[in-house]
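# Commentary on secondary and tertiary structure
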Amino acid sequence: MTKFGIAQPVRRVEDPRLLKGNGAYTDDITLPGTAHGVVLRSPHAAAKLLSIETAAAKAVPGVLAVYTGADLKADGIGDLPCAVTLKNRDGSDQFSPPRPTLAVDAVHHVGTPVAFIVAETTQAARDAAEAVMVEYDILPSITDLATAMDPGAPQVWAGAPRNVCFDWEVGQKDKVEELFAKAAHVTRLTVVNNRIVVSSIEARAAQAEYDSATGRWTLRTNTQGGWGIKEMMGNNIFNVPPDRFRVITPDVGGGFGMKLFLYAEQVLACYAARKLGRPVKWTSERSEAFLSDSAGRDNITLGEIALDKDGKLLALRTRNVANMGGYLSNFAPYIPTMAGTGVLASVYGFQAVYANVIGVFTNTVPVDAYRGAGRPESNYLVERLIDAAAREIGMDRVELRRRNMVTPDAMPYTSPMGKKYDSGDFRIVLDAALKKVDWAGFEARRAAAAKRGRRRGIGLAYYLEATGGAPTERAEIRFAEDGFVDVYVGTQSTGQGHETAYVQLTVDQLGVPGEKVRVKQGDTDSIPVGGGTGGARSLYSEGQAILVTAGTVIEKGRKAASETLEAAPADIVFEAGRFSIAGTDRGVDIIALAAAQRARAAKGEDVTTLDAAEIANIDAHTFPNGCHIAEVEIDPETGTLELVRYSVTDDVGKAVNPMIVRGQVHGGVAQGFGQAVLERTAYDPESGQLLSGSFMDYTMPRADDLPSIDVDFIEVPCRSNPLGVKGAGEAGAVGSPPAVVNAIVDALSPLGITHVDMPATPERLWQAVATARAA
């Protein structure tokens, strides 16, 4: 067992560089001659754009240019694309409005980009932004999702009656209706999945330069994979071949889905760089991020489950109203539809499922993928419904789950939503989780809390995640002249620890010292294709690519070693980083062999070198699952909540690095807890202004909000990939919101409270208690 072996809790190899301040994030990079851009944004949620006067702004000292939507339109700059088009239930297409980089005729949310000012310094650009005179015709706005489809509500887009973007369905509607008709009991519940401001620790940024001699751009920007940005820049925005763009992603401080997308500021930096003939840089301020980063979640969902007389789950029916915001982000329609509905059946044996999803425009920041991307919303609904059903039929909530779980002997199991679960032992995971937290002894802890004037509750949620992403992934292994092994990957780390896991895989396959492996990422010139990072896909996708590429390296090495050792390739064996002739002590180290072959090739000899690149087909995705259990205490006099205990028992398949996986789960739990009890996005209903526009008004979880989070693994190897791994990057954020809210309801249920919506702030909890007492 080596220091970098598989399944070892290897400390992250990237950490020393980052902790010593040697990271290089986008804003850390300033090229010689760089100009600085500032975006002027709309202060109105809905308005016609009547005129823009820029002369005074251009006269501000240091200002190089002021660009408007008319300028970009004249130069043929295309609109920001939505890459997903859905069919409505009636067979028609969704409504897809234009989304210009800079507003041309109207604005549809506070923060819509209106002008781009470029100057020698950021301060000069800010001063000039103040001097731009924009005349608006202010219109009525709608920011409340619950009333956006009401008759008489302000219309965000004239072509979208009742503000409906799409009305989509999936599932076995007729069968569901039959099962509901014969059900012994039906439970109905409407839940709110509150809007999230993503708040990555590193704000978005872009720096572009243009080479007029080659007609190529180099865009440095913090992404979750530059290949999609490159394609959209070429095909949709500038109408040039995508290879005219080189996208470099430096270190990235958090993405969570939000940095997957193409944004106006990346386009503006590239546009201005070409116009001015010098590098142009833009970096978001935190207040801008609240107004311009894609938001997450924001659904209102009615769920219904049908049960027979024995408590067996028959069918699930849902109607989800999903906020799209004022424009369509790149993948917005996909998130609540194809991504979210795929896991509605979860780990339970429903006979049929039907889902209706209605996408709705409001005058708010566009919504797109956020950690889990539709799957947390579906899991939240199902786990809240099951608790409600158990309460209504008088059955223990654990028993209701256990008797309805799909059993291991049913694997591979195809769910009513068409997802093929390759593996899973859900009851084993559930029982291990209950034993770990002493579920049976909870009532004693509840009684002890009551003596202190606190109401204690315990909640569980069993989640099922479905990973996603591109159907292929690429890896390349090169033996560098300095004796290192360079591994080029098509995914993009945003802080997860990819480098460490990929080093471990490379060491495991090639037997080279871990200290001699370097992971290269984030440059679309040196890495021609890649699927990027999203949908918890990186390890099982890139891992398979590394395995396939390492296999090619070994086969090429076996041939090269046969040339060097003068033996038949069939007699060459490879073990622990060394090629040797079977049954002898004659052999050669893989790194030494690669160097020797490279030197011979440089002299013009026809020899086999060891460098290799392969693209792996990702034929199946994975289904991580697990059980979250939360215990809370609530002060009924103030509504203050304390999360006193939190435990996770996860099946993520084989864990390449258990320490990194635990870290990922910890972060996901923190984000899910933040959504459940803290993070509230509020808009003024009259003006459409964002009221929670800073961390003074938008509460983020802090270290002292959380207890120590216990994470255990029960490994049920995935059967659909050779590593046996299942994605783990999103799982913590999937299971935590329902576990926490179920615990809150359990704590307050003696008062007759059976439902609380997120975020369960102290004010909301106090009001719920006061209302219950008054009744």
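Residues numbered from 1 in each chain as written. Predicted model: local features only at pLDDT ≥ 70, side-chain atom pairs only at ≥ 80, totals over all residues. Heavy atoms only, no water.

## Some points on the domain arrangement of the protein chain
- Domains assigned within the protein chain are domain 1 (26–139 + 199–292), domain 2 (296–468 + 621–774) and domain 3 (470–617).
- Taken over C-alpha atoms, the centre of domain 1 sits 35 Å from the centre of domain 2.
- Summed over both partners, the interface of domain 1 with domain 2 buries about 2,700 Å², with 66% contributed by carbon and sulfur atoms.
- There are eight residue pairs in polar contact (both at pLDDT 80 or more) connecting domain 1 and domain 2.
- Of the residues forming the side of domain 1 that touches domain 2, the biggest block, five residues, is contributed by helix H8 (residues 286–292). (Domains from an automatic or database assignment. Buried area = accessible area lost by both parts, 1.4 Å probe. Polar contact = N/O pair within 3.5 Å; in protein donor to acceptor, adjacent residues only side chain to side chain. Helix = DSSP H or I, 4+ residues; strand = E, 2+ residues; numbered from the N terminus.)

## Looking at the packing of helix H15 (residues 538–565) against helix H16 (residues 590–602)
- Where H15 contacts H16, the two axes come as close as 10 Å, and the packing angle between them is 70°. The pairing of H15 with H16 is recorded here as roughly perpendicular in orientation. Where H15 approaches H16, its residues Val553, Gly557, Ala560, Ala561, Glu563 and Thr564 are matched on the opposing element by Ile590, Leu593, Gln597 and Arg600.
- A per-class count over the contact of H15 with H16 returns five nonpolar, three polar and two charged. (Axes fitted to C-alpha atoms, helices over the stretch in contact; angles between N-to-C directions. Parallel < 35°, antiparallel > 145°, perpendicular 65-115°, else oblique. Contact = heavy atoms within 4.5 Å. Nonpolar A, V, L, I, M, F, W, Y, C, P; charged D, E, K, R; others polar.)

## Things to note about the environment of Tyr67
- Its place among the elements puts Tyr67 in strand S3 (residues 63–68).
- In this structure Tyr67 comes out as buried when scored by relative accessible area, which is 7%.
- Considering only alpha carbons, one finds Tyr67 and Lys312, 245 residues apart in sequence, at a separation of 62 Å. (Buried < 20%, exposed > 50% of the residue type's maximum accessible area, 1.4 Å probe, protein only.)

## Describing the pattern of salt bridges
- Under the counting rule described, the total for this entry stands at 53 salt bridges.
- One salt bridge connects Arg317 with Glu177, and the closest N-O pair in it is separated by 3.1 Å. Residue Arg317 is located in strand S14 (residues 313–325), and its partner Glu177 is located in helix H5 (residues 173–181); the two are separated by 140 residues in the primary sequence.
- Accessibility expressed as a relative area gives 16% for Arg317, which makes it buried.
- Glu605 is the partner of Arg600 in a salt bridge, and the nearest nitrogen-oxygen pair spans 3.0 Å.
- Each of the salt bridges in this network shares a partner with another, and the network as a whole consists of Glu383, Asp387, Arg397, Arg401, Glu443, Arg446 and Asp746. (Salt bridge = Lys/Arg side-chain N within 4 Å of Asp/Glu carboxyl O.)

## Remarks on the side chain of Thr26
- Mapped onto the secondary structure, Thr26 falls in the loop between helix H1 (15–19) and strand S1 (35–41).
- In contact with Thr26, not counting residues within four places along its chain, are Glu202, Ala205, Ala206, Gln207, Arg220, Thr221, Asn222, Pro250, Asp251 and Lys281.

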